[in-house]
Amino acid sequence: MNEKISNVLYVKVGKVSTTKLENNKRNELVSGIKKYPVSKAYLTKTGFREDEQGDLLHHGGENKALFLFSAITYKKINSYFNNSFDMTDMAYFGENLILSNICEEDICIGDILKIGQTKVQVTQARQPCWKLSANTNQKEMTKFIFDSGLTGWYAKVLEEGFICQNDEVILEKRVNPTLNIKKLNELIINPMSDESLTIEALNCKELGKAFFESLSKRYKLKEKDDQFSYYHT
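The rules behind the values
- Residues numbered from 1 in each chain as written.
- Predicted model: local features only at pLDDT ≥ 70, side-chain atom pairs only at ≥ 80, totals over all residues.
- Heavy atoms only, no water.
- Helix = DSSP H or I, 4+ residues; strand = E, 2+ residues; numbered from the N terminus.
- Buried < 20%, exposed > 50% of the residue type's maximum accessible area, 1.4 Å probe, protein only.
- Polar contact = N/O pair within 3.5 Å; in protein donor to acceptor, adjacent residues only side chain to side chain.
- Contact = heavy atoms within 4.5 Å.
- Phe/Tyr/Trp six-rings, centres within 6.5 Å; stacked < 30°, edge-to-face > 60°.
- Lys NZ or Arg CZ within 6 Å of the ring centre and 35° of its normal.

S.K.: Is there a simple way to think about the side chain of Thr44 in this case?
M.R.: Tracing the backbone shows Thr44 in strand E5 (residues 40-44). According to the relative accessible area criterion, Thr44 is buried, its value standing at 14%. Polar contacts involving the side chain of Thr44 include one to the main-chain carbonyl oxygen of Gly47, which spans 2.7 Å. Those residues in contact with Thr44 that lie beyond four places of it in its chain are Arg49, Ala65, Val157 and Glu160.

What follows is the structure in structure tokens.
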């Protein structure tokens, strides 16, 4: 395939920090979500060397080594929140990369992307949790991201190396053309909106384990599923 689809606008990394919270059922935010721009970073099988995650149960690891976000998505979110978020500075959404020209509907599960020296494979959509609301100081942000599907996506690392600002993003292979990130986000809200596609997703070997488990539970329990009630608030 070898088709250029994007460029890396920003590379961001960050250490775990603690932020005191007010008017929140939690007292503090302990997280690596606050990442900052660098000119380049070295990507390993478990993420950038210079990067950290505060909750290793739900973030990081080989299937979520790299979190990619879209400049288009940033602009869409900003259109609902009075242009409150500057993508050129601190990562409001925990992103490692911000890409040009593409968004959730342009990326599919299993896509193999060459970015700089690296090669990565898309595993799943980001599943938003309460930390998005805490980090953006917008109470409704997590629910908004979930409902809108403006999530970004994760990838695992096939080949390690440096990623630099302005690197090209090359789509080398597409194995699941019907399972784009936008569709996955619609299915996690309502698996019955396209049951055949839900079944296809659940049978997709490239789908990340965390998303598979959430989608499987939602498909089985339907309206009785309450798995997001804790993490969204």
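S.K.: What am I meant to see in unusual backbone geometry here?
M.R.: Comment: phi is negative for the bulk of residues other than glycine, and the bulk of peptide bonds are trans. Phi at Asn83 is positive, roughly 50°, even though this residue is not glycine. Note on placement: Asn83 falls in the loop between helix H1 (71-80) and strand E8 (97-99). At Asn137, a residue that is not glycine, the phi angle is positive and equals roughly 60°. Structurally, the position occupied by Asn137 is in the loop between helix H2 (131-136) and helix H3 (141-148).

S.K.: Would you mind going over the packing of aromatic side chains with me for this structure?
M.R.: Two aromatic rings are characterised by how far apart their centres lie and by the angle between their planes. Considering all chains together, one arrives at 12 aromatic pairs under this definition. Between Phe81 and Phe144, the ring centres sit 5.2 Å apart and the planes meet at 85°, which makes this aromatic pair edge-to-face. You can see Phe81 sitting in the loop between H1 and E8 and its partner Phe144 sitting in helix H3, a full 63 residues away along the chain. Accessibility assignment for this pair places Phe81 and Phe144 in one class, buried. Aromatic ring contacts, followed pair by pair, group Phe67, Phe69, Tyr74, Tyr80, Phe81, Phe85, Tyr92, Phe93, Phe144 and Tyr154 into a single cluster. In this structure, Arg49 packs its charged tip against the face of Tyr42, placed 4.0 Å from the ring centre. Taking the ring centre of Tyr219 as reference, the NZ or CZ of Lys222 above it sits at 4.9 Å.

S.K.: Would you mind going over the environment of Phe212 with me for this structure?
M.R.: Within the secondary structure layout, Phe212 lies in helix H6 (residues 209-221). Under the relative-accessibility criterion, Phe212 is labelled partly exposed at 32%. Put simply, Phe212 and Gln124 are 88 residues apart on the chain and 8.7 Å apart in space, counted from C-alpha to C-alpha. Sequence-distant contacts of Phe212, defined by excluding residues within four places in its chain, comprise Leu202 and Leu207.

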